[in-house]
Amino acid sequence: MSEADTLRLDKWLWHARFFKSRGLAAALVKSGRCRVDGTPVSKPSRTISAGVVLTFPKEDEVRVIRVVGLGVRRGPAPEAQALYEDLTPAREPKVNPLEHRVGGRPTKKDRRDMDILKGSR
């Protein structure tokens, strides 16, 4: 495997637009919460190539990504999305029982429902 076939992990995460800066990507990898093919990694200089599977937390979910390409630069979003295949399982949307209300003050029934949800009653 030549040097042209590999890329630093932090640099790839930045190229693929998962993080706004390379420093943020490096900080995530240094924390040890990133995995390459199931193996925990703590060095941002870890080289990756096409075909590896990355697992890392992003916001409030765990992302599972298969690297398809390495990329030469941090280009526009469509170019970045071509670098990976998202294997993250689909999440069910959170259901808010009170979202049917458009606005205004809650009715007495709404307040009772909120008390039940909070466990006050």
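These numbers come from a predicted model, not from an experiment. (Residues numbered from 1 in each chain as written. Predicted model: local features only at pLDDT ≥ 70, side-chain atom pairs only at ≥ 80, totals over all residues. Heavy atoms only, no water.)

Focus on the overall build of the protein
Part 1 of the reasoning: Secondary structure summary: the protein contains four helices and seven strands in total.
Part 2 of the reasoning: In terms of overall size, the protein is more extended than a compact globule, its C-alpha atoms giving a radius of gyration of 21 Å where 121 residues would be expected to give roughly 14 Å.
Part 3 of the reasoning: Overall, the C-alpha framework of the protein stretches about 70 × 30 × 25 Å when taken along its three principal axes.
Part 4 of the reasoning: Taken over 121 residues, the protein has a buried fraction of 29%.
Part 5 of the reasoning: For the protein, the proportion of contacts with a sequence separation of at least 24, taken over those separated by at least 6, is 43%.
Part 6 of the reasoning: Total accessible area computed for the protein in this model is approximately 8300 Å², and 52% of it derives from carbon and sulfur atoms.
Part 7 of the reasoning: Averaging the locations of the 25 positively and 15 negatively charged side chains of the protein gives two centres separated by 7 Å. (Helix = DSSP H or I, 4+ residues; strand = E, 2+ residues; numbered from the N terminus. Rg over C-alpha atoms; globule rule 2.2 N^0.38 Å. Buried < 20%, exposed > 50% of the residue type's maximum accessible area, 1.4 Å probe, protein only. Contact = heavy atoms within 4.5 Å. Areas by Shrake-Rupley, 256 points an atom, 1.4 Å probe, with all protein chains shown as cover. Lys, Arg positive; Asp, Glu negative; His and termini not counted. Charge placed at Lys NZ, Arg CZ, Asp CG, Glu CD.)

Concerning unusual backbone geometry
Excluding glycine, most residues fall at negative phi; most peptide bonds, likewise, are trans.
Part 1 of the reasoning: Even without glycine at this site, Arg17 takes up a positive phi of about 65 degrees.
Part 2 of the reasoning: Inspection of the secondary structure assignment puts Arg17 in the loop between helix 1 (9-15) and helix 2 (22-30).
Part 3 of the reasoning: Non-glycine residue Glu59 carries a positive phi angle of around 60 degrees.
Part 4 of the reasoning: If you trace the backbone, Glu59 turns up in the loop between strand 5 (53-58) and strand 6 (61-67).

A short note on the confidence of the model for the protein
Interpretation of the predicted coordinates at a detailed level should be avoided for regions scoring low in pLDDT.
Part 1 of the reasoning: Residue-level pLDDT values for the protein average 90, and 91% of them are 70 or greater.
Part 2 of the reasoning: The weakest mean pLDDT in the protein belongs to helix 4 (residues 108-118) at 91; the strongest belongs to strand 2 (residues 34-36) at 97. (pLDDT = per-residue confidence, 0-100.)

Some points on the pattern of salt bridges
Part 1 of the reasoning: Tallied over the full model, the rule gives seven salt bridges.
Part 2 of the reasoning: Across the pair Asp10 and Arg8 runs a salt bridge, and its minimum N-O distance is 3.1 Å.
Part 3 of the reasoning: The partner of Arg66 in a salt bridge is Glu85, with the nearest N and O atoms 3.4 Å apart. Taken together, the residues span a long stretch of sequence, with Arg66 in strand 6 and Glu85 in strand 7 (residues 84-86) at a distance of 19 residues. (Salt bridge = Lys/Arg side-chain N within 4 Å of Asp/Glu carboxyl O.)

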